[in-house]
Amino acid sequence: MWLANAPVIFIWLWFALRARHLFFFSAANPAIETGGVLGESKINILKRLPQEVVPKTLFIEAGSSLSEVLRAMDATGLNWPVIAKPNVGERGFLVKKLRSEAEKNRAVQWENLGPFYTWREGQAQEVSWQVNVYSLDQSQSNPDVLLAGTENDAVFKSDDHGASWQPVSDSINTSGGIRAVAVLPSNENVLFAADNHTVLRSEDGGNSWTEVLFLANLKTTAFAFSPSGQTGLLSSEKGLYRSADAGLTWTTLSSEKCWDVKFSTGDANTAFALVSDAQTKLCKFMKSTDGGQNWYQVSNGWIDPSANSLSDNKDGGAKLAVTDADPNRLYAVLLGQYNDGVNDNNYLGVYRSDDGGESWTLPNANANGGPGGPYAGAHSCLVTFWFN
């Protein structure tokens, strides 16, 4: 950008010589700081222009919180896309076009919304231990609605994009923490929450709840729903479950421990699951192309359980990620042990697929070319990784 503006320097020198003043811009535009050539406040310039020619603009003070930014955007009526730029900046420096809701949070500073204090149950006594958030989901039909499940068996809901939260689980008895929550994609008022044994469903935004599945030590790990919400999948330590009626009833697909489940972002009939294999003692990747009714295993490029002694393998858990940006791109993070001469620290790596899960690569292999840690080099965040 500076290179493209290099000819301006010569024009500036020419006019400066003619005016016999190095800062002739200030004389030409005395109402604008430095004459508008360098370091001027953009918002101050816009204030001096006729308002009918000024684009819709929102000035954000330094240090403003995320919630303040969101409320100001709503009040101003700014719609996507928007242009974000520093008030003082030159030649396009730090200017960014935010095209969608998804890009907004990457352009603002994160804000801690709490909890800031933890209290002993039923008492006004502050304690030192933390409150963990186990699960989180956002409504697809209304992004302002978020749902969170916590370690202390509470379900919280936000109707203002996370700026404030209210408990919606006072009427239910749960145990073992809220391990998974979900908002039905097609209806922001249909909510799901799961604890150690029970799956609960609400049709009124959390005011009342109904038990739709109970199994001792079910320990749900994830919900997934098709865009219409009609087809649902549930992963748990007791297996993989499917619903054909928007989560009202559930049938068992597999009794193998299932760590995570996702629908493809590009095909409502395609689904993915990470399942623990009791024989190989490692996680396997499963795929369905008929809405979760039938599944097949994909092992092309996946971690090879037979490369080492099976007694050395350990499946420590796994999570799966999909993206709207590319329906064929998947990521899977695997935890556990894979004894190939490297101390894994219970971390096996992040696997990547670029063809909808039909093949996999391990972009950052360890020193022996295989899964596991420790990682180093450019990926310093993976030098050491500990999990309990």
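To start, this report covers the structure provided alongside it. (Residues numbered from 1 in each chain as written. Predicted model: local features only at pLDDT ≥ 70, side-chain atom pairs only at ≥ 80, totals over all residues. Heavy atoms only, no water.)

Observations regarding the overall build of the protein chain
Across its full length, the protein chain holds 5 helices and 23 strands. Taking all 388 residues of the protein chain together, 38% fall into the buried category. (Helix = DSSP H or I, 4+ residues; strand = E, 2+ residues; numbered from the N terminus. Buried < 20%, exposed > 50% of the residue type's maximum accessible area, 1.4 Å probe, protein only.)

Comments concerning the sheet that holds strand β22 (residues 330-337)
The strands that make up a sheet are held in pairs by hydrogen bonds between backbone atoms, and each pair lies either parallel or antiparallel. Strand order in the open sheet formed by 3 strands is β21-β22-β23, with antiparallel pairing between adjacent strands. The sheet terminates laterally at β21 (314-322) and β23 (347-353), the two strands that pair on one side only. For this sheet the average axis-to-axis angle between neighbouring strands, irrespective of direction, equals 15°. In terms of strand pairing, β22 meets β23 through 6 bridges, oriented antiparallel. Opposite L334, over in β23, you have G349 as the bridge partner. (Pairing = 2+ DSSP bridges. Axes fitted to C-alpha atoms, helices over the stretch in contact; angles between N-to-C directions.)

Some details on the packing of aromatic side chains
Applying the stated rule across the entire model yields 10 aromatic pairs. With centroids separated by 6.5 Å and ring planes inclined at 15°, the aromatic side chains of F223 and F225 adopt a geometry described as stacked. We classify F223 as buried; its relative accessible area is 12%. Under the relative-accessibility criterion, F225 is labelled buried at 10%. Ring centres of F285 and W302 lie 5.9 Å apart, and the angle between their planes is 40°; this geometry places the pair in the tilted category. Here F285, found in strand β19 (residues 282-288), pairs with W302, found in the loop between β20 (296-298) and β21; they are 17 residues apart in sequence, far enough to count as distant. Members of the aromatic cluster, connected to one another through ring pairs, are F272, F285, W302, Y351 and W360. (Phe/Tyr/Trp six-rings, centres within 6.5 Å; stacked < 30°, edge-to-face > 60°.)

Overview of the nonpolar core
Most often, soluble globular proteins keep nonpolar side chains buried together rather than apart. In terms of nonpolar packing, the biggest core is built from 19 residues, with L274, F285, W302, I303, L320, L334 and W360 touching the most fellow members. Listing elements by their share of this core, those giving two or more residues are β18 (271-277), β19, β21, β22 and β23. Every residue in contact with F285, bar those within four places of it in the chain, is listed here: F272, A273, L274, Y296, Q297, V298, W302, L320, L330, G357 and W360. Among the nonpolar cores identified, the runner-up in size contains 16 residues, and L184, V212, L213 and W250 belong to it. (Core = buried A, V, L, I, M, F, W, Y, C linked by side-chain atoms within 4.5 Å. Contact = heavy atoms within 4.5 Å.)

Some words on unusual backbone geometry
A positive phi angle, near 60°, is found at N217, a position not held by glycine. Mapped onto the elements, N217 comes out in the loop between β12 (210-214) and β13 (220-225). Judged by relative accessible area, which is 40%, N217 ranks as partly exposed. The backbone of K281 shows a phi angle near 60°, a positive value even though the residue is not glycine. Relative to the helices and strands, K281 is located in the loop between β18 and β19.

Thoughts on the sheet that holds strand β6 (residues 146-150)
Pairing in this open sheet of 4 strands is antiparallel, and the strands run β5-β6-β7-β8 from one edge to the other. In this open sheet, the two strands that pair with only one neighbour each are β5 (133-138) and β8 (166-167).

Some thoughts on the pairing of strand β9 (residues 180-183)
Residues A180 and A182 of β9 are buried on one face, and the alternating residues V181 and V183, pointing to the opposite face, are buried as well. Pairing analysis gives 4 bridges linking β9 to strand β10 (residues 191-194), with the strands arranged antiparallel. Considered in β10, the bridge of V183 is made with L191.

With respect to a nonpolar patch on the surface
On the surface, a nonpolar cluster with roughly 330 Å² of combined accessible area is contributed by I11, W14 and F15. With respect to the element layout, W14 can be found in helix α1 (residues 6-19). (Patch = residues over 30% accessible without salt bridge, like charges linked within 9 Å, V, L, I, M, F, W, Y side chains within 5 Å. Areas by Shrake-Rupley, 256 points an atom, 1.4 Å probe, with all protein chains shown as cover. Salt bridge = Lys/Arg side-chain N within 4 Å of Asp/Glu carboxyl O.)

Digging into the pairing of β13
Counting buried positions along β13 gives 5 out of 6 residues, so the element sits mostly inside the fold. Between β13 and the antiparallel strand that follows it, strand β14 (residues 232-236), lie 6 residues; G229 among them carries a positive phi value of about 85°.

Brief notes about the pattern of salt bridges
Inspection of the entire model under this criterion finds 8 salt bridges. A salt bridge links R201 to E203; the nearest nitrogen and oxygen atoms lie 2.5 Å apart. Between R329 and D354 there is a salt bridge whose closest N-O contact spans 2.6 Å. With R329 in the loop between β21 and β22 and D354 in the segment after β23, the pair connects residues that are 25 residues apart, well separated along the chain. Shared partners join several salt bridges into a network, and the residues in it are D260, K262 and K319.

What about the environment of T76?
Examined against the element boundaries, T76 turns out to sit in helix α4 (residues 66-76). T76 gets classed as partly exposed once you look at its relative accessible area, which sits at 25%. Residues T76 and K56 lie 20 residues apart in sequence; the distance between their C-alpha atoms is 7.9 Å. In this view, T76 contacts K56, T57 and L58; residues no more than four positions away in its chain are not counted.

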